[in-house]
Each structure stands twice: as C-alpha cells, then as structure tokens.
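# Inside the fold
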Amino acid sequence: MATNGDHSNGSATLSGPVPLWIDGKEVTTETTFDVISPSTSEKLWSASGATPKEAHQAISAAATAFKTWRHTKPAAIRTILLKAADILEKRQGEAAEFMKKETGALDGFVGFNVHGTAENIRDVAGRISGIYGQIPSVQGDGQAAFIFKEPYGVIFAIAPWNAPVILGVRSFLYAIAAGNTVVFKGSELSPRLFWFLGSIFHEAGLPAGVLNVLYHRPQDAAEVTNTLIEAPEVRKVNFTGSTAVGSIIASKAGKELKPVLMELGGKASAIVCEDAEIENAAFQCALGSFLHAGQICMATERILVHHSIIDKFGEALKGAVEKVYAKEGEAPVLVARATVEKNQKLLKDAVDKGAKVMYGDVGAKEDSAYRIRPVIIQDVKKEMDIFYTESFGPSVSLISVQSDEEAIEIANDTDYGLSGAVFTESLGRGLKIARAVESGAVHINSMTVHDEAGLPHGGVKKSGWGRFNAEWGLDEFLRIKTVTYMM
C-alpha cells in the first residue's frame, strides 16, 4: 500500500507501520517488525519489513530512474540538494524525536548529526559542477583521447543506527550527486529515522526511483542483502558498520565481482605526551571515549599516557568524565542490550586478570538492561580481551608508556585503523607521531571523534577502505572511461 501526502511534520505515516520508500512512494508491507526504545524498553512502533520482493522492486525502480538521472545537469542536482539541506534543518524537530526514541541519543549528539549532515549536503552540492575528465596526450599521430568520469549505475548502500542522520545520508549522498541511483538499506533499529531521510529528499524534489529506502526483520537480513548484492543492476556496494558484518558483505560482493566501499570498526588510541596541556587532553579523551556512550566507530578505546604525568592526568580525566556524564545523572543508554553485556564481560575479564578500576563500578547494576555507566580501567595488558576488542561502549583503558615509540607500537597493535589522537605542545612531535600511527586519520590536540564535510573519512586495515566526503566521496561513485578517436 502506498500513501502520499504532506510530510512537513511526519504525520502522514505516524499512525501505521513505518513505510519503505520505493519508486517515490511510501510502501507498507504485510511483513512487519517492532521497534523497541532502548531508553524505556517499550515498543515505539512497528515498521514495514522488506523481503526479496520489495528488494527487486527497489532495484527495478533505481535502474529505471538511472536512465534519466545520469543525464541530469549539475545545476538541477544542486538545487535539489540545497533544498534538502534546508528541509532537514526545518524539520530537525522530527529528526531529534526519532533519533532520541530509536537510539537513545542525547541533544548534543542529535544536533551534531543534523547540522553536520546539512553541511555535508551543501558542501557536496557546491562540488558537483567541478566533476571533470581529462584530455591526455596519446602516442599515435592523428589520434586523440578523452577521459570521462561516469556514474556506475545502481548503488546498494547500507548504514547503521548509531549516527543515523550523518551515516544514513552519507551512504547515498555522494552516489546520487555523482549521477547514480541508490537502494539504501538502513538498520532495523532506527527505521523511522531512515524513513524521515527519504521523506526529506523526496520533498526536496528528488525524482522517483533515485533513492529507495528499505529495512527488514533481523531474520531476513541475509536473504534481502544477498538479493541486492547479486542483482546484475547493482554495480557497487557501500557499507558502514561492524568489521564482522563488513567482512561478510565484502566477501559476497567479491564473489559477484562488485567493488565495495567500507567504513568499519575501530580501536582508536589517544597518545598523551609528557608536554601535553593536561586539562585539554583529559577533557578531549573523556569526550572521545564517552560521547554517545562510546557508540561511535572513532571513539577513544585506549589512552596511552607518558608515565611521568599519568597520575596527574588520571585525576584530570576523572574530573573530565563528570562533564560528559554527571555521576548523579542517568546512566548512558546503549541501543542494544548485547552491547551492555559485552562491555560488562570485557571489564570483568580485565579485572579478573589484574586490571584496576580507576573510575566507575564494574559490577554496578542499573534499572535498565540498556544502560551502563562510564568505566576507566588501568594496567591493561595484552592478555586481556579488552586490549584488542572494540568495546563500542563507555569503557576505556588507561595505559602507561615510557616513550613515544612505545605509544606508537601499542597504537598500531590492533587490526583496526580508523582514527587516533596525539596531545603535545610540539607540532613537529605531533606530526611525527601522527605519520607513524597506522590510521585513516589522526587529530593533534583534539579528540579521536572527528568528521567534517571537507575532509576525507575512512580507515585502513580492518577499519575498511575507500573514502567518504568531499571530492573523495564523489570519486568513489564515478568510474573512468577512455575514448580515443582518429582526427
């Protein structure tokens, strides 16, 4: 069933299951699933669940739309994108409501999502007319050549729940701006927020079929995902999420000989040198560790501090945590109970093997299975599970180091490489350390969580490959064609 109407306040679909977006229409399905609030543990609403049938419909719509969208002029695309950014800001109240209810996010993180996404959209809108090819010299007399940049076609995009506005829009923004069409699959944990994104872009004038939005029941994940990857019309896949699931997606795409763009997990280290400004370093490390309850792929997981200042830094760090989550306030909300249990297990294992609790209570019990308070542990060793495992929660390890070289060695002793930080008053020293750390980004004197419109974003090693944002993001969704001709 499809419904059309005024989406200015989202009221058109709040009364029934959250619909999908297929070929410019809101589609409800017989298959539905419940969405549970991590803050209250109560049902929020039900959502339509895509099956292979809806997946094929979305692919067909995207393939048909590509025939005309690929020829749309940059000025027309720019107009739609700029309007979408304006609508997002106008309807930010909806984004805040849905994001808080579905993911437990706090106001500050919601604002970061909305305003950061609007900036991304406007940034890309201004870059579209700068896509150009080349006219190279060729060897043969009487011959010349053109190098064209062309869109791939239908892109299959997958985004998670943890920063749903930024990561959701990012998964399809660059593809659409470059002339591709998209089948976007969002996490089942935040379907109304992803419906909202589809609503914004359709309200902005995006033609039917250019963006199709799906979500599904957890038990249908493999069948729906494989259907989309296997479809011959789908020419490229991009995925943001866990390394474990990314490996499965990349393996399937590889079997189908389709390129992929991956932004996966992280185990970011913040290196604090003995000349660092301690108060700033402590606050940035606390923020990087506990923002959004640590449910960010760039979150600080290890803080590597020079032994000569570790006691002073430790006291400053404990004070800084209070500025992020006050002790007397409610415990942070995690979107999944399994993540709470994972953090509790990692912390218990570390303590059982000799780690010391510097801040928090490993055995604390909250009134909700979705909540856990920040914990800082010290004297963490390699034999402890938390040393290598991404916690994706409000847990961080404080580790003493003797030198920059030891800090770099520990920072690189991980399968991941998404983000990092260095704190020092010497720019030269900071740059030397940053160059030595194996990571997609390193931030000097600021936290590991950093993503903005004009900077490439992506990882190395098992944190993925390829880059989102700015011209790098556009280039990911453009392929090169060589055309030669005789004069």
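What comes next is a walk through the structure. Being a predicted model, the structure only gives us computed values, none of them experimental.

### Remarks on the overall build of the chain
Secondary structure summary: the chain contains 15 helices and 20 strands in total. On C-alpha atoms alone, the chain measures out to a radius of gyration of 23 Å, which is about the 23 Å that the 2.2 N^0.38 rule sets for 487 residues. Principal axes of the C-alpha set define a box for the chain whose edges measure 70 × 65 × 40 Å. Considering only intrachain contacts with a sequence separation of at least 6, the fraction spanning at least 24 residues in the chain is 75%. When the accessible surface of the chain is summed, it comes to about 19700 Å², and 52% of that surface belongs to carbon and sulfur atoms. Where the 49 positive side-chain charges of the chain centre and where its 58 negative ones centre are 5 Å apart.

### Remarks on the packing of helix 3 (residues 92-103) against helix 4 (residues 107-125)
At a closest axis distance of 10 Å, the pairing of helix 3 and helix 4 adopts a crossing angle of 130 degrees. In terms of axis orientation, helix 3 runs oblique to helix 4. Here helix 3 runs over helix 4; the crossing is right-handed. The segment helix 3 lies against helix 4, with Gln92, Ala95, Ala96, Met99 and Lys100 engaging Asp107, Phe109, Val110, Asn113, Val114 and His115. Split by residue class, the contact of helix 3 with helix 4 holds six nonpolar, three polar and two charged.

### Brief notes about the nonpolar core
Looking at soluble globular proteins, one finds that nonpolar side chains tend to be buried together. If you look at the biggest cluster of nonpolar residues, it comprises 97 residues, and the most contacted ones within it are Leu81, Val182, Phe184, Phe196, Phe201, Leu211 and Leu214. Looking at this core element by element, the count peaks at ten residues for helix 5 (residues 164-177). Non-local contacts of Val182, meaning those with residues more than four positions away in its chain, are made with Ala62, Ile155, Ala157, Phe172, Ala175, Ile176, Val210, Leu211 and Asn212. Within the second largest apolar cluster, 30 residues are counted, among which are Phe313, Leu317, Tyr359 and Ile372.

### With respect to the packing of helix 2 (residues 74-90) against helix 5
At a minimum axis separation of 12 Å, helix 2 and helix 5 run at an interaxial angle of 170 degrees. The angle between helix 2 and helix 5 places the two elements in the roughly antiparallel class. Mapping the contact onto sequence places Ile77, Leu81 and Leu88 in helix 2 and Val165, Leu173, Ile176 and Ala177 in helix 5. Split by residue class, the contact of helix 2 with helix 5 holds seven nonpolar, no polar and no charged.

### A short note on unusual backbone geometry
Phi at Ser41 is positive, roughly 65 degrees, even though this residue is not glycine. Structurally, Ser41 can be placed in the loop between strand 4 (32-36) and strand 5 (43-48). Exposure remark for Ser41: the relative accessible area of 41% places this residue in the partly exposed category. The residue Lys461 is not glycine, and still its phi comes out positive at about 55 degrees.

### Side note on the side chain of Ser190
The residue Ser190 is located in the loop between strand 8 (181-186) and helix 6 (191-203) in this model. Contact partners of Ser190, with chain neighbours within four places excluded, come to Glu102, Thr103, Trp161 and Pro164.

### Let's talk about the pairing of strand 11 (residues 260-263)
The alternating pattern of strand 11 places Val260 and Met262 and Leu261 and Glu263 on opposite faces, both of which are buried. Note that strand 10 (residues 234-240) and strand 11 share four bridges and pair parallel. Paired with Asn238 across the strands is Leu261, a residue of strand 11. Taken together, strand 10, helix 8 (residues 243-255) and strand 11 constitute a β-α-β crossover, and its handedness is right-handed. Bridge count between strand 11 and strand 19 (residues 464-465): two bridges; the pairing is antiparallel. Following the sheet pairing, Glu263 is matched in strand 19 by Gly464.

### Side note on the packing of aromatic side chains
Ring pairs (aromatic) are described by centroid distance and by the angle formed between their planes. Evaluation of the coordinates by the stated rule reveals eleven aromatic pairs. Pairing Phe146 with Tyr485 gives two aromatic rings, centres 5.4 Å apart and planes at 20 degrees, and the pair type is stacked. Note that Phe146 is positioned in strand 6 (residues 143-151) and Tyr485 in strand 20 (residues 478-486), a separation of 339 residues in sequence. Residue Phe146 is classed as partly exposed on the basis of its relative accessible area, which comes to 30%. Here a set of aromatic residues connected by ring pairs shows up, and it is made of Trp45, Phe98, Trp195 and Phe196.

### Here's the deal with the environment of Lys462
Topologically, Lys462 is positioned in the loop between strand 18 (443-444) and strand 19. For Lys462, a relative accessible area of 47% puts it in the partly exposed group. Apart from the residues lying within four places of it in its own chain, the contact partners of Lys462 are Thr243, Leu264, Gly265, Asp415 and Tyr416.

### Describing the sheet that holds strand 17 (residues 420-423)
In spatial order, the strands read 14-15-16-13-12-17-18; together these seven strands make up an open sheet with mixed pairing. The open sheet has two free edges, formed respectively by strand 14 (356-359) and strand 18, since each of these has just one partner strand. Pairing between strand 12 (residues 268-272) and strand 13 (residues 300-306): five bridges, direction parallel. Bridge assignment links Val272 to a residue of strand 13, and that residue is Val305. Across the sheet, helix 9 (residues 278-290) is in contact with strand 12, strand 13, strand 15 (375-378), strand 16 (395-401) and strand 17; its angle to strand 13 comes to roughly 160 degrees. Those strands touched by helix 10 (residues 310-324) are strand 12, strand 13, strand 14, strand 15 and strand 16, and its axis lies near 55 degrees from that of strand 14.

### Re the environment of Ile249
Mapped onto the secondary structure, Ile249 falls in helix 8. Placed eleven residues apart in sequence, Ile249 and Asn238 show a C-alpha to C-alpha distance of 9.2 Å. Residues within four places of Ile249 in sequence aside, it is in contact with Ile158, Thr225, Ile229, Val237, Phe239 and Met262.

Analysis parameters
Residues numbered from 1 in each chain as written. Predicted model: local features only at pLDDT ≥ 70, side-chain atom pairs only at ≥ 80, totals over all residues. Heavy atoms only, no water. Helix = DSSP H or I, 4+ residues; strand = E, 2+ residues; numbered from the N terminus. Rg over C-alpha atoms; globule rule 2.2 N^0.38 Å. Contact = heavy atoms within 4.5 Å. Areas by Shrake-Rupley, 256 points an atom, 1.4 Å probe, with all protein chains shown as cover. Lys, Arg positive; Asp, Glu negative; His and termini not counted. Charge placed at Lys NZ, Arg CZ, Asp CG, Glu CD. Axes fitted to C-alpha atoms, helices over the stretch in contact; angles between N-to-C directions. Parallel < 35°, antiparallel > 145°, perpendicular 65-115°, else oblique. Left-handed = near helix turned anticlockwise from the far one by under 90°. Nonpolar A, V, L, I, M, F, W, Y, C, P; charged D, E, K, R; others polar. Core = buried A, V, L, I, M, F, W, Y, C linked by side-chain atoms within 4.5 Å. Buried < 20%, exposed > 50% of the residue type's maximum accessible area, 1.4 Å probe, protein only. Pairing = 2+ DSSP bridges. Right-handed = clockwise from strand over helix to strand, strands pointing away. Phe/Tyr/Trp six-rings, centres within 6.5 Å; stacked < 30°, edge-to-face > 60°.

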